[in-house]
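# Summary of structural features
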Amino acid sequence: MKRNNSQQLFDEAKLLFPGGVNSPVRAFKSVSGPPLFIKSGNGAHFIDEDDNTYLDFCCSWGPLILGHNNDKIREAIVKTVANGTSFGTPTKLGNEIGRLIVENHRYLEKIRFVSSGTEAVMSAIRLARGYSGKNKIVKFEGCYHGHVDSLLVKAGSGLATFGESTSSGIPKSFVEETLVLGLNDLAGFEKLLEEQHNDIAAVIIEPIPANNGLLLQDQNYLVWLRTLCDKYGVLLIFDEVISGFRVGFEGASGYYSIQPDIITFGKIVGGGMPVGAYGGSKEIMSHVAPDGPVYQAGTLSANPVAMAAGIAVLKQLLEEDFYENQHIKTKKFTDSIQRYADEKEYPMHMVQIGSIFWFAFAQERIFTADQIDPQGMDKFKVMHHELLHRGIYLGPSGYEVGFISAAHTDEDLADAAITICNVLDLVFG
Ligand SMILES: *Cc1c(COP(=O)(O)O)cnc(C)c1O
């Protein structure tokens, strides 16, 4: 498959944007070749500027749970945009999507719309601080929460809970407000809360950690976090920017039956438009301006075009058996690859929940970021390259998960599984 036009466009883009991109992973730094420049998508496939067609397992990094160019979403956008794009006022469509979410999510009473996942998380931690009157936030190694200053922090060497920033440009004083722990560490968590709960406003976690591989946690562990947060008067924030509306309409909160204090959303909720949201009980949300003292605003927040797209996606997700079908289809796909890898004794396993999957280049189940073998990423690089040549697009990093949309047919997936198994022979051959 030729990538001449993508190469040429990328050369031009490098003169215009840092690294030629507007979001870093897109640059294909950890895989080979220039990034694909995509010109159109339909259903489970998209087409690049060299006219190659790919089966897409990245789905715009998660939002496209119904695939590309979904009829109902497109029609809703077109119909709405004919009346204007944004008024900076409340709209009826805003009420409609608000109702749709709140009435179908047992843990939400009020929400606030913003324009990205990062903005949702940033606002949620401000709310947690404003509500509790405390400053520190606990996060977990291997969870990503957008590019919020104080959350671009990883565990430093030495004392586990003192963080180190993962980006330059972040004041040390911000980093000091963040405490970092490993996932799946009950004892460490209890000790931290016991010692520092008077300073800790909130604990934030991706209940389904899906930004550093797919590090599925045990339900018991998540329940334990909830129990200890209650015991010590610390808020629990579920960052459901990926898992929200993905593993069920009620996301991971519903999946595990755990009520967080604040939930953040992004990706799917906007139906492919830039939307984020955060929500919780009436009581907590009453602290947000103008009801309360926690300031947060947005020029294009809840603009009607984005809300129309969100309504169109959410209504389709509420159709009977939507999530069950997605789960069955995805599991069939990952099971078939797993069976093949087992027969050949390849040291890998497929991790899957709902319509999210990940190739783990390890035999054992992995719970924490530090259990990921960096050498597996070399294998992923070969795999990515070979799959691209066979018309299958995975997100360009072995730490990224894959997504299956409603538009991926059983036949698409059966064919892709055969191709992937053939490529595994090359990777492990
Ligand atoms: C993608 C993501 C974010 C950031 O969302 P953006 O819309 O990219 O700002 C935050 N948290 C999680 C869990 C995410 O997956």
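Located above this text is the structure these notes cover.
Okay, so let's go over this structure.

The biggest cluster of nonpolar side chains holds 45 residues, and the ones touching the most others in it are Phe140, Phe189, Leu193, Val203, Ile205 and Leu214. Of all the elements, helix α7 (residues 219–232) adds the most residues to this core, at six residues. Counting contributing residues per domain, this core is built from domain 1 (4–69 + 320–428) and domain 2 (71–317), each supplying no fewer than three. Leave out the neighbours within four places in its chain, and Phe189 touches Phe140, Leu181, Val203, Leu225, Leu228 and Cys229. Of all hydrophobic cores here, the second largest spans 36 residues; its members include Ile337, Met383, Tyr393 and Ala416.

A few words now on the site of the ligand. The ligand sits among Ser116, Gly117, Thr118, Tyr144, His145, Gly146, Glu206, Asn211, Asp239, Val241, Ile242 and Lys267. One of the backbone N or O atoms of Gly117 is found 2.8 Å from an oxygen atom in the ligand. In the model, a nitrogen atom of the ligand is placed 2.7 Å from a nitrogen or oxygen of the Asp239 side chain. For the ligand, the accessible surface in isolation is 390 Å², of which the surrounding protein chains cover 82%. Of the residues that constitute the shell around the ligand, the class distribution is three nonpolar, six polar and three charged.

Next up on the list: the sheet that holds strand β15 (residues 392–393). Strand order in the open sheet made by the four strands is β1-β2-β3-β15, with mixed pairing throughout. Lying at the two open borders of the sheet, with one neighbouring strand each, are β1 (38–42) and β15. In this sheet, β15 lies alongside strand β3 (residues 53–56) in parallel orientation, the contact comprising two bridges. Note on β15: the bridge partner recorded for Asp56 is Tyr393.

Rules of the game
Residues numbered from 1 in each chain as written. Predicted model: local features only at pLDDT ≥ 70, side-chain atom pairs only at ≥ 80, totals over all residues. Heavy atoms only, no water. Core = buried A, V, L, I, M, F, W, Y, C linked by side-chain atoms within 4.5 Å. Buried < 20%, exposed > 50% of the residue type's maximum accessible area, 1.4 Å probe, protein only. Helix = DSSP H or I, 4+ residues; strand = E, 2+ residues; numbered from the N terminus. Domains from an automatic or database assignment. Contact = heavy atoms within 4.5 Å. Near = heavy atom within 4 Å. Polar contact = N/O pair within 3.5 Å; in protein donor to acceptor, adjacent residues only side chain to side chain. Areas by Shrake-Rupley, 256 points an atom, 1.4 Å probe, with all protein chains shown as cover. Nonpolar A, V, L, I, M, F, W, Y, C, P; charged D, E, K, R; others polar. Pairing = 2+ DSSP bridges.

Scope: geometric values only; no functional claims are made or implied.
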